[in-house]
Amino acid sequence: MSALTAGTELAPQEFVVRRSDLVAYADASGDQNPIHQDEAIAQLVGLPGVIAHGMYTMALAARAVATWTDDAEVVEIGCKFTAPVVVPAEGGATVRIAGVVKSVADGRATIALDVTCAGEKVLGAPKAVVRVG
Amino acid sequence: MPIDSSLIGREFPPTPPLVVTAAEVTSFASATGSETRRVPATFPIVVTFRALLGFLEAEQVELARIVHGEQRFTYERPIVIGDELSATLSVTGLRQIEGTDILRTTSTITDAAGELVCTAGATLVHRADA
């Protein structure tokens, strides 16, 4: 576990997202939106191809936070979905999650995240607040 | 079809209770490779999404035309196995930009005792004509 003190940079974590993961996530979350599974429908609504659920990417961010904080209690997590994570039929897309501890006060640590895919930011202002101490 | 602006301020009926089972939490966590000992922080999307589906059905909006714009969860307490969660969705804002509707919603997630567990704020982008 990294020390949660203000200014600490947390070791980036990378995760590969495959289409089969999106199918499993659709079943687990109930979000069967076809844009996350069906290339033709994704393109029909103007997307470049099958995209990961935004919540899939946020779940990866939460996973990274859990690893960094030794499973601290999350009191807040949120982001904007600013660019899609396009998941090709073969192989997958690699999502990279970096973070820095912005502040630690009143028993809470605020972690600012930086979430990218192929060098492009995919989440806007992603942030998690966890209970510490 | 643009979404009706009279929706702002409207609250939709609460979802039927979702019982948080170990099996459900495991399947949610394993889909994203999570090995947390806790219920994953984004798990309340399961009940939030049910509220969203109820809303889309009531308004006859096609799910494939919805893209998630923003999501935020603020917790009052951690979710635990055995919780019975229900989400109540309200539309808190709506604006239109060139045929795209941008809807803001807030879902309050309560337990069997009616106590607030988590508040889920979401922005949904409705792509009417692609």
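Rules behind the numbers
Residues numbered from 1 in each chain as written. Chains lettered and ligands numbered in written order. Predicted model: local features only at pLDDT ≥ 70, side-chain atom pairs only at ≥ 80, totals over all residues. Heavy atoms only, no water. Buried < 20%, exposed > 50% of the residue type's maximum accessible area, 1.4 Å probe, protein only. Helix = DSSP H or I, 4+ residues; strand = E, 2+ residues; numbered from the N terminus. Arc of directions from axis to C-beta. Salt bridge = Lys/Arg side-chain N within 4 Å of Asp/Glu carboxyl O.

Chain B has the name MaoC family dehydratase N-terminal domain-containing protein in an unreviewed UniProt entry, where Nocardioides bizhenqiangii is given as its organism.

Looking at an unreviewed UniProt entry, one finds chain A named MaoC/PaaZ C-terminal domain-containing protein, with Nocardioides bizhenqiangii as its source organism.

**Q** I'd like a description of helix α1 (residues 22–31) of chain B, backed by residues and values.
**A** All names here are of chain B. By the burial criterion, the buried members of α1 are Val25, Phe28, Ala29 and Ala31. Seen end-on, α1 carries its buried residues on one side only, within an arc spanning 165 degrees. Exposed residues on α1 whose side chains face more than 90 degrees from its buried face are Ala23 and Thr26. Where α1 ends, the next residue or the one after it, Gly33, has phi of about 70 degrees, a positive value.

**Q** With reference to specific residues and values, describe the pattern of salt bridges.
**A** This model, assessed by the stated rule, comprises 13 salt bridges over all chains. A salt bridge links Arg131 of chain A to Glu73 of chain A, with the shortest nitrogen-to-oxygen separation between them at 3.2 Å. With a gap of 58 residues between them, Arg131 of chain A in strand β6 (residues 123–131) and Glu73 of chain A in the loop between α3 (54–68) and β2 (74–81) connect regions that are remote in the sequence. The exposure class assigned to Glu73 of chain A is buried, which follows from its relative accessible area of 14%. The partner of Arg72 of chain B in a salt bridge is Glu70 of chain B, and the shortest N-O contact between them spans 3.6 Å. The exposure class assigned to Glu70 of chain B is buried, which follows from its relative accessible area of 14%. Here the salt bridges do not stand alone but share partners, grouping Glu76 and Lys127 of chain A together with Glu70, Arg72 and Arg104 of chain B into one network.

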